[in-house]
Amino acid sequence: MEEKEKEKEEQKKEEKEKEEQKKEEKHFKFEPGKTYFFICFALVCGGKSTFFEEIKSQTQSEKNKDKYNIKLVSSDKIREDLSIKMQKNNPKMTFQQCFDKVGKDTAKEFDSQIKNAIDTIEKDKINIILVDKNYPQGIDKFLSIFCTDKTSQFFLVFIPDIKNPIKINDIKFPFSLDYFIQCYLRLKNRKGHEVLNGQDESSTYVYLSFLKLFQNFDFEKKISSNKEFSNNVILHKINFTDENKDIKVDSNTEKFFKNVVKKMRAFDMFAIKKYHKKDIESYFQEIDKKYDGKNFFEDTRDLIKLQVEDLLVNGIILDK
């Protein structure tokens, strides 16, 4: 009897502690009349589009359609549209030639569309602008240009929930090896994307170039270092990928990162192909043999759906 009573007392104590903890938790919730920029820091094929599509789906549902004002600004879509337009006006040019030439125009149009999205906010709705563009180094510039009202504009930066980030001597990445492999396998099987598909000859080089941008990158330090906007920027982790596989950094991976990733320069395609082509091709051929892109990792769409639902209903629990 005494043992049962003790168990009951301990259970009551645990429940009370949980209730107290919930009371102490600070929630960041969405409010009508304010603007929320959703930005993802992720790799190519890292889950951004799936996450944004789920946001759009849930906010535009029958029960929510009068509650939210949603805008999506996609850098890839803008570049595709401009490339098609240029090719139409210059039939002798290939799509790739046009694509290579519209970089600056894409940046200008992207900024223009962001400004237009800000101009169309609605005071009686929760305004969410989905910013479909990677900003590993440029978040400060984005904030300085578009954050004009610190009382009503907030920037939510979503990152993959990574458990074992890559660390090889002095080489660090905020992504795990399984995330790195998953993104590659997704890219390999991707078709119909605006600018980059697995069938593209340079897709793997572009993928590695994006990875390179995150070398020795620390999400939390990047956000907290910007004192001017510290109260307007919130970092939140999402399960973009299946992080249940405990993939170790083997000797071939370690060698690859030391000999290729550490030495290469991001988006210098000529140098990457000239000096690293053989090593890159052999390494990814090894991954192709070792992993099955369709079956090895779990699909996280259902998990993302639940996380988005929780995000919209309950907001984000802030650190104490």
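Everything in this summary refers to the structure shown in the same document. (Residues numbered from 1 in each chain as written. Predicted model: local features only at pLDDT ≥ 70, side-chain atom pairs only at ≥ 80, totals over all residues. Heavy atoms only, no water.)

1. Things to note about the overall build of the protein
Across its full length, the protein carries twelve helices and nine strands. The principal-axis extent of the C-alpha atoms belonging to the protein is close to 80 × 50 × 40 Å. The burial tally for the protein puts 43% of its 320 residues in the buried class. Considering only residue pairs separated by 6 or more positions, the protein has 79% of its internal contacts joining residues 24 or more positions apart. Surface accessibility of the protein: about 18800 Å² in total, with carbon and sulfur atoms responsible for 46%. Separation between the mean location of the 61 positive side-chain charges and that of the 57 negative ones in the protein comes to 6 Å. (Helix = DSSP H or I, 4+ residues; strand = E, 2+ residues; numbered from the N terminus. Buried < 20%, exposed > 50% of the residue type's maximum accessible area, 1.4 Å probe, protein only. Contact = heavy atoms within 4.5 Å. Areas by Shrake-Rupley, 256 points an atom, 1.4 Å probe, with all protein chains shown as cover. Lys, Arg positive; Asp, Glu negative; His and termini not counted. Charge placed at Lys NZ, Arg CZ, Asp CG, Glu CD.)

2. Topic: the packing of aromatic side chains
To describe a pair of aromatic rings, one takes the distance between the centres and the angle between the planes. Here the structure, examined in full by the defined rule, presents 36 aromatic pairs. With a centroid separation of 5.8 Å and 20° between ring planes, the pair formed by Tyr36 and Phe154 is classed as stacked. Of the two residues, Tyr36 sits in strand S2 (residues 35-40) while Phe154 sits in strand S5 (residues 153-160), which places them 118 residues apart along the sequence. Looking at Phe154, the relative accessible area reads 10%, which means it is buried. (Phe/Tyr/Trp six-rings, centres within 6.5 Å; stacked < 30°, edge-to-face > 60°.)

3. Concerning the packing of helix H10 (residues 251-261) against helix H11 (residues 269-290)
Two numbers describe a pair of packed helices, the interaxial angle and the distance between the axes. Axis separation between H10 and H11 bottoms out at 11 Å; the angle between their running directions is 155°. The orientation of H10 relative to H11 falls into the category roughly antiparallel. The two elements H10 and H11 meet at a crossing, and its hand is left-handed. Contacts from Asn252, Thr253, Phe256, Asn259 and Val260 of H10 reach H11 at His276, Asp279, Ile280, Tyr283, Phe284 and Glu286. Of the residues contributing to the contact of H10 with H11, the split by class is five nonpolar, four polar and two charged. (Axes fitted to C-alpha atoms, helices over the stretch in contact; angles between N-to-C directions. Parallel < 35°, antiparallel > 145°, perpendicular 65-115°, else oblique. Left-handed = near helix turned anticlockwise from the far one by under 90°. Nonpolar A, V, L, I, M, F, W, Y, C, P; charged D, E, K, R; others polar.)

4. Things to note about the nonpolar core
By size, the foremost hydrophobic cluster in this structure holds 63 residues, and its most contacted members are Phe41, Ile114, Phe142, Phe180 and Phe284. Considering every element that reaches this core, the biggest residue donor is helix H7 (residues 177-188), with eight residues. Non-local contacts of Phe284, meaning those with residues more than four positions away in its chain, are made with Phe180, Tyr184, Thr204, Tyr207, Leu208 and Phe256. Among the nonpolar cores identified, the runner-up in size contains 24 residues, and Tyr36, Tyr68, Phe240 and Leu312 belong to it. (Core = buried A, V, L, I, M, F, W, Y, C linked by side-chain atoms within 4.5 Å.)

5. Description of the pairing of strand S4 (residues 126-132)
Of all the seven residues making up S4, seven are buried; the element is thus mostly covered by neighbouring parts of the structure. As judged from the five bridges shared by S2 and S4, these two strands associate in the parallel manner. Note on S4: the bridge partner recorded for Phe38 is Leu130. As paired elements, strand S3 (residues 68-74) and S4 share seven bridges and run parallel to each other. Opposite Asn69, over in S4, you have Asn127 as the bridge partner. (Pairing = 2+ DSSP bridges.)

6. So, the pattern of salt bridges
Across all of its chains, the model carries 13 salt bridges by this definition. Of the charged contacts in the structure, one is a salt bridge between Lys125 and Glu122, with a shortest N-O distance of 3.6 Å. Residue Glu122 is classed as partly exposed on the basis of its relative accessible area of 29%. Note that Asp170 is salt-bridged to Lys262, the shortest N-O span being 3.1 Å. Here Lys262 lies in the loop between H10 and H11 and Asp170 lies in the loop between strand S6 (165-168) and strand S7 (171-176), a separation of 92 residues in the sequence. (Salt bridge = Lys/Arg side-chain N within 4 Å of Asp/Glu carboxyl O.)

7. As for the sheet that holds S2
Hydrogen bonding along the main chain pairs the strands of a sheet, whether they run parallel or antiparallel. A sheet is described by the order of its strands in space; here five strands give the open sequence S3-S4-S2-S5-S8, paired in parallel fashion. Two strands lie at the open edges of the sheet, namely S3 and strand S8 (233-238), each paired on one side alone. Going from strand to strand, the sheet's axes swing by 20° on average, the running direction of each strand aside. Lying on the sheet, helix H2 (residues 48-59) is in contact with S2, S3, S4, S5 and S8; it crosses S4 at an angle near 160°. Running over the sheet, helix H12 (residues 301-314) touches S2, S3, S4, S5 and S8 and is turned about 150° from S8.

8. With respect to the environment of Thr59
As for its placement among the helices and strands, Thr59 is situated in helix H2. The spacing of Thr59 and Ile126 is 67 residues in sequence and 9.7 Å in space, taken between C-alpha atoms. When sequence neighbours within four positions are dropped, the list of residues in contact with Thr59 reads Asn64, Lys65, Tyr68, Ile70 and Leu312. Within the structure, Thr59 has its side chain in polar contact with the backbone oxygen of Ile55 (distance 2.7 Å). Among the polar contacts listed, one links the side chain of Thr59 to the backbone oxygen of Lys56, at a separation of 3.3 Å. (Polar contact = N/O pair within 3.5 Å; in protein donor to acceptor, adjacent residues only side chain to side chain.)

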